[in-house]
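# Observations on chain architecture
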Amino acid sequence: MVPYCRIKITGGYSTLRRNEQAHPDNTEGEYVLIHLENIDAIEKRLWNAADTLRANSNYASNEYFLPVMGLIFLRHAYSRYLSVKDAIVANLPMRGGIARPLTKADFSQKSAIFLQPKAQFDHLVALTDGDDRARAIIDAMESIEGDYENLRGVLPKSEYQELDNQVLGQLIRTLNPDELKRVSGDVFGRIYEYFLTQFADQKAHDGGEFFTPISLVSLIANVLEPAGGTVLDPACGSGGMFVQSARFLERHDENPVDRLTFYGLEKNATTIRLAKMNLAVHGLEGDIKKAITYYDDPHELLGKADFVMANPPFNVDEIDADKVKRDPRLPFGLPGTNKKGKVSNGNYVWISYFYSYLNEHGRAGFVMSSQASSAGRDEAKVRRKLIETGDVDIMIAIRSNFFYTRAVPCELWFLNRDKPEQYRDKVLMIDGRNIYRKVTRKIYDFSPEQEQNILAIVWLYRGCTQKYLDLVAGYCNRMLDEGASCFTAKDDDGEKIELMPTFIASLAALREAMQPFLKTLPVDGPHAEVLKELGDARSAFTADVDAFRNAVSKQQDVWKIQKTTNGELKKAVDRLAPLAEASRDLVKQADLLYKLACRLIEICESECNSRDSDTWANRDITRARKAADNARTLAVEQLKQVRYFWRQAHWLTERFPEAKLCDVEGLVKLVDKSEIEANDWSLTPGRYVGVAPEEEDEDFDFEEALRNIHIELECLNEEAVQLAATIKKNFEELGV
């Protein structure tokens, strides 16, 4: 097993894209801007189209689930196939000037799936209404099953015969939008996960419990650091734990196929199909068996697993006590029974099983109900025995609303059978309930940086100081790159764009469009005050932009010789603070400029009768105003990134000034076993870390608050539309 600190981490991370990390070592100051809202909009459009098409089929949402995921599987597989094909072809051995044919093994080494021509998505897109699309999809699925034995009988096939040929064609075309044909990165991997998320939110299958939020799975994988060996998930759902384990290795340039062996247990046959599809589309294989884990152990991995990862059902009270009481996977005994002969609460059955599967060097990470960490009576006795082994390593409290199907808070438990001796009687308690990002009205997650900051605490606990320092340095470096990108960046097509100069030019163009009319007005007209204020603000803004650009350039030069010791990095964070504040000031100035320009237009129209004048080019002015607004939005979002990354560095250095683990009120504490015993053997982090001091929110963003309100309103509107449609359908079925 690889020691934690030997796994190299390369610093900075982007907020512009969920679940993807950006390399920070870009000294040219140019970044490809991938706007989160654009990908979000595409995901939402694809989902809405697929959901609308469901209404034109005979399937209910739970029946439509597999056919849609099957097509997403094919599109995702094709995306990964194309992303690696050219590199594979370029390295094929030649004989007589002819390259050998492509094989399954070529693609497995690249974490992709081999596709015969009939299984490639472009073939399906090219079909006409005169072709039998259902037959073609079935042929595609059968060709994949023929190449991959572990997928035989898994992929959806007969389900497509129930769908109208034109409906199928529309669905296929919907999943192949032009804007996604030229993007790089694992975008369809994200869309695949988005569809899983949406179906989970709808509870379209198995109550939605087949899916664990990416944020939690990723955090578990990155705390465990599964560098090689056997990975077991005894409640594997759609296989997310396996995929994130593989991604951990891929980020460190390792091939997960060579390093990890996946075993899973799952009670639901349809979910097993989903998990195998999820693994296959990422170029992975796993031995997933149908079993009720409470009673069955078909893999016989007791004491053999290197890693156990899971998100089991919480608070189950239907486990037959007689069937499990002699199970060797319960080393601490039964956690109590009720009058019906059932285990009173299944949480500690799961926890005991996870522990028992580990070998002598094994590590486990799993999601658990927050009730479990402080449960009393028989559960407390089991918890005490577990704590007394010295193998409880880390506890992380997670706030409510991270799950799609339940709003309860939870905790992440981490066990380590090979824990360093100096920590045998200690547990690292992290209260992460104040760390979150609001995604929708009902759902929260971690931004990539929030996840990294939690991991940084774990690194310090493990003595991996260099990882921590690399992260701080990465944030500072990324801050400067984002500052440079305010002036020079690349758009999604790789074209050079200049955000701040473009915004300034757009304001000038708007003023120029208005100028013919403004020249007709008296100097002391009703517009005069706003016009002067706009001119003064624009002059000040232009000067401040130039000063900001020069400051970024100067700091980049200083950074080239920056030392990355803790003391020097702390000085760097302090040195960069004025630059962060300057970016925030420019955001306010940019917003003010646009508002003043709009105010000037409003006064011209309402008080100066501009629409009655031939010199008022209304269409040109409207077009120029929209262009200025678009340019402002891009410039402001880029400026915000500068301070955002500085704040990440400052968050770390403020809390851990010596680059060593220390108690931080309301966040983290290394707790001794004697203190745990004095608190009824509770493992609830909030019981030990205290309450974070009240902080004034200097960064309150009114526009962001309005955006959150808009998100909530949008969700409510969508729910209202869905409810109205359901009511209408019910009335129609009743003949009302």
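Conventions we followed
Residue numbers restart at each chain and count upward from 1, following the sequence in its written direction. Per-residue local features are limited, in this predicted model, to residues with pLDDT of at least 70; the limit for side-chain atom pairs, both in listing and counting, is 80 or more; totals at the level of whole chains, interfaces and linings are taken over all residues. Hydrogens and waters are ignored; side-chain quantities use all the structure's heavy atoms. The axes are straight lines fitted to the C-alpha atoms, using for helices just the contacting stretch, and the angles between their N-to-C directions are given from 0 to 180°. Going along the chain from the N terminus, every DSSP run of H or I of four or more residues is numbered as a helix, and every run of E of two or more is numbered as a strand. Our angle categories are set so that under 35 degrees counts as roughly parallel, over 145 as roughly antiparallel, 65 to 115 as roughly perpendicular, and the remainder as oblique. In a left-handed crossing the near helix is turned counterclockwise from the far helix by less than a right angle, and in a right-handed crossing that turn is clockwise. Contacts between residues were defined by any pair of non-hydrogen atoms, one from each residue, lying within 4.5 Å. The classification used treats Ala, Val, Leu, Ile, Met, Phe, Trp, Tyr, Cys and Pro as nonpolar, Asp, Glu, Lys and Arg as charged, and all other residues, Gly among them, as polar. DSSP-based pairing: two strands are paired if at least 2 bridges between them are found. Each residue is assigned to one of three classes by its accessible area relative to the maximum for its type, calculated with a 1.4 Å probe on protein chains only: buried under 20%, partly exposed between the two thresholds, exposed over 50%. Pairing of N or O atoms within 3.5 Å defines a polar contact, subject to two protein rules: one partner must be a possible hydrogen donor and the other a possible acceptor, and residues neighboring in sequence count only if both atoms are side-chain atoms. The predictor rates its confidence in each residue with pLDDT, a number between 0 and 100. Ring geometry is summarised as follows: Phe, Tyr and Trp rings, the Trp one being its six-membered ring, pair when their centres sit within 6.5 Å, and such pairs are stacked at plane angles under 30 degrees, edge-to-face over 60 and tilted between the two. Sitting over a ring, as applied to charges here, requires NZ of Lys or CZ of Arg to be within 6 Å of the ring centre and within 35 degrees of the ring normal.

## Some remarks on the packing of helix α8 (residues 214-224) against helix α9 (residues 240-251)
With their axes 9 Å apart at the nearest point, α8 and α9 run at an angle of 55 degrees to one another. Relative to α9, the element α8 lies oblique. You can see that α8 and α9 cross each other, and the crossing is right-handed. Taken together, the residues of α9 that come into contact with α8 (itself represented by I214, V217, S218, I220, A221 and N222) are G240, M241, Q244, S245, F248 and R251. Split into classes, the residues belonging to the contact of α8 with α9 amount to six nonpolar, five polar and one charged.

## Overview of the sheet that holds strand β9 (residues 410-416)
Backbone hydrogen bonds are what pair the strands of a sheet, in a parallel or an antiparallel way. With respect to topology, nine strands assemble into an open sheet ordered β5-β4-β3-β6-β7-β9-β8-β10-β15, the strand pairing being mixed. The sheet terminates laterally at β5 (286-290) and β15 (668-672), the two strands that pair on one side only. Across this sheet, the average inter-strand angle for adjacent strands is 15 degrees, counted without regard to direction. Here six bridges tie strand β8 (residues 392-398) to β9, and the two strands are oriented antiparallel to one another. Bridging across to β9, I398 finds its partner in C410.

## Notes on helix α6 (residues 165-174)
Taken residue by residue, α6 has V167, L168, G169, L171, I172 and T174 as its buried positions. Its side-chain oxygen placed 2.9 Å from the backbone nitrogen of Q166, D164 serves as the N-cap of α6.

## Regarding the side chain of S356
Within the element layout of this structure, S356 appears in helix α13 (residues 347-357). The class of S356 is buried, set by a relative accessible area of 10%. Not counting residues up to four positions away in its chain, the partners in contact with S356 are L302, G303, P328, R329 and P331.

## Considerations on the confidence of the model for the chain
Put simply, the chain has an average pLDDT of 85, and 83% of its residues get 70 or more. Here helix α7 (residues 187-202) is the element of the chain with the lowest mean pLDDT, 62, and strand β10 (residues 426-431) is the one with the highest, 98. Predicted confidence for residues 6-37 stays below pLDDT 50, and this span has 102 contacts to residues more than four positions away or in other chains. Every residue in residues 203-210 is under pLDDT 50, and counting partners more than four places away or in other chains gives 28 contacts.

## Concerning unusual backbone geometry
Phi is positive for E225, close to 55 degrees, though the residue is something other than glycine. Examined against the element boundaries, E225 turns out to sit in the loop between α8 and β3 (229-233). The backbone of D253 sits at a positive phi, close to 60 degrees, despite the residue not being glycine. Inspection of the secondary structure assignment puts D253 in the loop between α9 and α10 (256-259).

## What to know about the packing of helix α15 (residues 448-461) against helix α16 (residues 465-485)
Orientation of α15 relative to α16, taken along the N-to-C sense of each, is 150 degrees, at an axis distance of 8 Å. Judged by the inter-axis angle, α15 sits roughly antiparallel to α16. Here α15 and α16 pass one another in a crossing that is left-handed. Taking contact as the criterion, the partners of E449, Q452, N453, A456, W459 and L460 in α15 are, on α16, T465, K467, Y468, L471 and Y475. By residue class, the composition of the contact of α15 with α16 is six nonpolar, three polar and two charged.

## Description of the packing of aromatic side chains
Enumeration over the complete set of coordinates arrives at 19 aromatic pairs. With a centroid separation of 4.8 Å and 10 degrees between ring planes, the pair formed by Y81 and F107 is classed as stacked. In this pair, Y81 sits in helix α2 (residues 61-90) while F107 sits in helix α3 (residues 104-108), placing the two residues 26 residues apart along the sequence. Pair check on accessibility: Y81 and F107 agree, each one buried. Pairing Y644 with F645 gives two aromatic rings, centres 5.2 Å apart and planes at 90 degrees, and the pair type is edge-to-face. F645 carries the same exposure label as Y644, and that label is buried. One aromatic cluster is present, formed by Y294, Y295, Y348, W350, F354, F366 and W413 through successive ring pairs. Lying over the aromatic face of Y353, R329 brings its terminal NZ or CZ to 3.9 Å of the ring centre. Here the guanidinium or amino end of R399 rests over the ring plane of Y436, the centre of that ring lying 4.7 Å away.

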